[in-house]
Structures are given as C-alpha cells and as structure tokens.
Amino acid sequence: MLLKYWAYDEVKALDEDNKARCNSSAEPHTLGRNSLAQLRNKLKNKNPDLASPSNARIYLKSRKRKPGRKYKSSGDVVQKRIEDIKEMLKDGNAAYTKQTS
C-alpha cells in the first residue's frame, strides 16, 4: 500500500517540493529530533519560577553549534543574528527579553 502511494506522480512532486522548501532554510535549528516546543518546555522546567523562556533565548539555544561538527549550512547568517540578539539582550531590549507563553 505504501509503495503504491509513493508511486503516484502527485506524491513524488509534493515530496520534491517539500525537500526543496526544507533545504532552503538559511537558519535551521540544531536540535536534531527534538522540537522547539520540547526545548521551550525543558527550559521552562529548569527555571525556578517556571516562567516560559523568551523567544530570543529559544533562538540562541536552538542554534548553538558544536565545535568540530559539520553542518549543511555555513552558519554565517545564524552567527550574525546570534550576535545581534546578544547585543540587544545586553542593552535590555524589551522585545527580546519579554517572556512568552
């Protein structure tokens, strides 16, 4: 049944479309099989007052790269954005430090 499904031209076209869309992301997360929701929940549970982490903190944690590991993208765009976010966090920018639910 599954083999018949993948034999349809419409399904093959959709698969190619999805592959292209997935590979076009310039800022993929480095969480592997874990989702952003799982990361948010993990960070929330580590926080003593159980407050949800900010979107900036989620972004920083989900784009952290391990030294010596090869990634599909160069990471230049991500590294620039990480630097910008850290700078704004230092300045106390409310948009980046605001807690989200």
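Shown above is the structure to which this text applies.
Calculation criteria
Residues numbered from 1 in each chain as written. Predicted model: local features only at pLDDT ≥ 70, side-chain atom pairs only at ≥ 80, totals over all residues. Heavy atoms only, no water. 1 Å grid on protein atoms, 1.4 Å probe; cavity = no way out; pocket = protein on both sides within 12 Å on 5 of 7 lines; lining within 4 Å. Points joined across faces, edges and corners; volume = space filled by probe spheres on them. Helix = DSSP H or I, 4+ residues; strand = E, 2+ residues; numbered from the N terminus. Phe/Tyr/Trp six-rings, centres within 6.5 Å; stacked < 30°, edge-to-face > 60°. Buried < 20%, exposed > 50% of the residue type's maximum accessible area, 1.4 Å probe, protein only.

Q: I'd love a proper account of the layout of surface pockets, names of residues and values included.
A: Quantified by volume, the largest pocket comes out at close to 410 Å³. Along the walls of the largest pocket sit 14 residues, with Thr30, Leu31, Leu39, Lys61 and Lys64 positioned nearest its centre. Broken down by element, the residue count for the lining of the largest pocket peaks at 5 residues, all from helix H3 (residues 36–46).

Q: Break down the packing of aromatic side chains for me, citing the residues and quoting the values.
A: Per the stated rule, a full pass over the model turns up 1 aromatic pair. Taking 5.5 Å as the distance between ring centres and 85 degrees as the angle between the ring planes, the aromatic pair formed by tyrosine 5 and tryptophan 6 counts as edge-to-face. In this structure tryptophan 6 comes out as partly exposed when scored by relative accessible area, which is 41%.

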